[in-house]
Amino acid sequence: MARIIDGKVLAAQRRARVAAGVAEFCARNGRAPGLEVVLVGDDPASAVYTRNKEKAAAEVGIRGVLHRLPDTTSEAWLVDFVASLNANPAIDGILVQLPLPRGIDVNRIIDAILPSKDVDGFHPMNAGMLSVGREGLVPCTPRGCMALLDAHLEAVGEGLDLGGKHAVVIGRSNIVGKPLGQLLLARNATVTMAHSRTRDLPAVCRTADILVAAVGRAAMVRADWLKPGAIVLDVGINRTADGKLCGDVDSEAAMAVAGALTPVPGGVGPMTIAMLLENTLLAASRRVG
Ligand code: GUN
């Protein structure tokens, strides 16, 4: 039976640590760290995510502001708005929720965010810093995955070094797959990036000591894709026909084969917001020197 890696408990611990750090930051600098969340349009899922981010910020003492902009917002206006947030010294973190409405070039908006305030870690400067092993801001979901992995390794008394381990990441998005591959590589794992064009994906997955599923397809990863004892991180959040949340892994069956598994919900999801709060405090601390 696989060990469940509880993201809710770990996220609560990390948020409590951020709250203490924020209190210290306030005492030293006479202001709270500031996070601006920008939502363009009325995508219902994005509306929920951004409200949760604003609420989570407030709970740890970060001054969180949510800007709801109409889907008629132009690209040029949004670039100017981001520039105004860049120039405001009371703002430490800027997050523009994705996806953006059609007609707005997402790259132009990401490029407009000052890398030092890019708490999503999506700016090409931060992506580049990660790939060359230098200090920048690292995307939240991959950081959350690494924190879950480390918490598990610590709990079972294994070292954090991943030398000799084979990690397979399914999904090559800029938000999750690619940065997570870099983080695993930096910890000495042998990393395979798998994706929709990979030949015989089940066979590749069966060689994984650590398997990360970040594809967005409900229960795609079957129990017979797993090496017995593998650590499985399930990044997927899918809704099934009957309205239930379901990961990318067939978790019920996987429980009998995997060594450890992150649940959905309650695994990677809660970690993403906790890491956003950490990134905001980190960005604020670096900015004040
Ligand atoms: N859309 C889905 N995930 C994310 C995220 O982590 N950050 C932003 N900005 N948009 C998203």
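A brief report on the enclosed structure follows. (Residues numbered from 1 in each chain as written. Predicted model: local features only at pLDDT ≥ 70, side-chain atom pairs only at ≥ 80, totals over all residues. Heavy atoms only, no water.)

**Quick word on the overall build of the chain**
Helix and strand counts for the chain stand at 10 helices and 11 strands. The C-alpha atoms of the chain give a radius of gyration of 19 Å, which matches the 19 Å a tight globule of 289 residues would have. Principal-axis analysis of the C-alpha atoms gives the chain an extent of 50 × 40 × 40 Å. Burial statistics for the chain: of 289 residues in total, 48% are counted as buried. Summarising the internal contacts of the chain: among those between residues at least 6 apart in sequence, 70% fall at separations of at least 24. Each charge sign in the chain was given a centre, from 31 positive and 29 negative side chains, and these centres are 1 Å apart. (Helix = DSSP H or I, 4+ residues; strand = E, 2+ residues; numbered from the N terminus. Rg over C-alpha atoms; globule rule 2.2 N^0.38 Å. Buried < 20%, exposed > 50% of the residue type's maximum accessible area, 1.4 Å probe, protein only. Contact = heavy atoms within 4.5 Å. Lys, Arg positive; Asp, Glu negative; His and termini not counted. Charge placed at Lys NZ, Arg CZ, Asp CG, Glu CD.)

**A short note on empty space enclosed by the protein**
Tallying each qualifying case throughout the model produces one cavity of 30 Å³ or more. What lines the largest cavity is Leu95, Val96, Leu98, Ile109, Ile110, Ile113, Asp118, Asp120 and Phe122. Considering only residue class, the lining of the largest cavity consists of seven nonpolar, no polar and two charged. (1 Å grid on protein atoms, 1.4 Å probe; cavity = no way out; pocket = protein on both sides within 12 Å on 5 of 7 lines; lining within 4 Å. Points joined across faces, edges and corners; volume = space filled by probe spheres on them. Nonpolar A, V, L, I, M, F, W, Y, C, P; charged D, E, K, R; others polar.)

**Some details on helix 1 (residues 7–29)**
A rise of 1.5 Å per residue sets the reference length of helix 1, with its 23 residues, at 33 Å; its end C-alpha atoms lie 32 Å apart and thus fit the reference within 8%. Of all the positions in helix 1, only Gly7, Leu10, Ala11, Arg14, Val18, Val22 and Phe25 are classed as buried. Against helix 6 (140–155) and helix 10 (268–288) lie the buried residues of helix 1. Sitting at the amino-terminal end of helix 1 is Asp6, which places a side-chain oxygen 2.8 Å from the backbone nitrogen of Lys8. Trailing helix 1 by a residue or two, Gly30 shows a phi angle of about 70°, which is positive. (Expected span 1.5 Å × (residues − 1). Polar contact = N/O pair within 3.5 Å; in protein donor to acceptor, adjacent residues only side chain to side chain.)

**Some details on the sheet that holds strand 3 (residues 63–69)**
Reading across from one edge, 3-2-4 is the order of the three strands in this open sheet, with parallel pairing throughout. Each having just a single partner strand, strand 3 and strand 4 (93–96) make up the two edges of the open sheet. When the angles between neighbouring strand axes are averaged without regard to direction, this sheet yields 15°. As paired elements, strand 2 (residues 34–40) and strand 4 share four bridges and run parallel to each other. (Pairing = 2+ DSSP bridges. Axes fitted to C-alpha atoms, helices over the stretch in contact; angles between N-to-C directions.)

**As for helix 7 (residues 177–186)**
Every buried residue of helix 7 is accounted for by Gly177, Pro179, Leu180, Gly181, Leu183 and Leu184. Immediately downstream of helix 7, the backbone of Asn188 shows phi near 80°, a positive value.

**As for the sheet that holds strand 11 (residues 260–261)**
The strand order across the open sheet formed by six strands is 1-11-8-7-5-6, and the pairing between neighbours is parallel. Since the sheet does not close on itself, it has two edges, and those belong to strand 1 (3–4) and strand 6 (190–194), each with one partner. Of the pairings in the sheet, the one linking strand 5 (residues 166–170) to strand 6 comprises five bridges and is parallel in character. When the sheet's bridge partners are listed, Val169 is paired in strand 6 with Met193. The strands that helix 7 touches are strand 5, strand 6 and strand 7 (210–213); relative to strand 6, the one it contacts most, it runs at about 170°.

**Side note on the packing of helix 6 against helix 10**
Running from amino to carboxyl end, helix 6 crosses helix 10 at an angle of 110°, the nearest separation of the two axes being 8 Å. Judged by the inter-axis angle, helix 6 sits roughly perpendicular to helix 10. The interaxial crossing formed by helix 6 with helix 10 has right-handed handedness. From helix 6, Cys140, Thr141, Arg143, Gly144, Cys145, Ala147 and Leu148 reach across to helix 10, where they touch Val268, Met271, Thr272, Met275, Leu276, Glu278 and Asn279. When its residues are assigned to classes, the contact of helix 6 with helix 10 shows eight nonpolar, four polar and two charged. (Parallel < 35°, antiparallel > 145°, perpendicular 65-115°, else oblique. Left-handed = near helix turned anticlockwise from the far one by under 90°.)

**What about the site of the ligand?**
With respect to spatial proximity, the complete set of residues near the ligand consists of Lys53, Leu95, Val96, Gln97, Leu98, Asp120 and Phe122. One nitrogen or oxygen atom from the main chain of Val96 is found 2.9 Å from a nitrogen atom belonging to the ligand. Within the contact set of the ligand, a nitrogen atom lies 3.3 Å away from a side-chain nitrogen or oxygen of Gln97. Protein contacts shield 79% of the accessible area of the ligand, which totals 280 Å² for the unbound molecule. A majority-of-atoms criterion places the ligand in the largest pocket. (Near = heavy atom within 4 Å. Areas by Shrake-Rupley, 256 points an atom, 1.4 Å probe, with all protein chains shown as cover. Sits in = over half its atoms within 2 Å of the grid points.)

**Concerning the pattern of salt bridges**
According to the stated counting rule, one finds 12 salt bridges in the structure shown. With its nearest N and O atoms 2.9 Å apart, the salt bridge here joins Asp92 to Arg31. Remark: Arg31 occurs in the loop between helix 1 and strand 2 and Asp92 occurs in the loop between helix 3 (75–87) and strand 4; sequence separation between them is 61 residues. Taking relative accessible area as the criterion, Asp92 reaches 0% and is therefore assigned buried. A salt bridge links Arg287 to Asp92; its shortest N-O distance comes to 3.0 Å. With Arg287 in helix 10 and Asp92 in the loop between helix 3 and strand 4, this residue pair connects regions lying 195 residues apart in the sequence. (Salt bridge = Lys/Arg side-chain N within 4 Å of Asp/Glu carboxyl O.)

On their own, these measurements won't tell you what the molecule is for.
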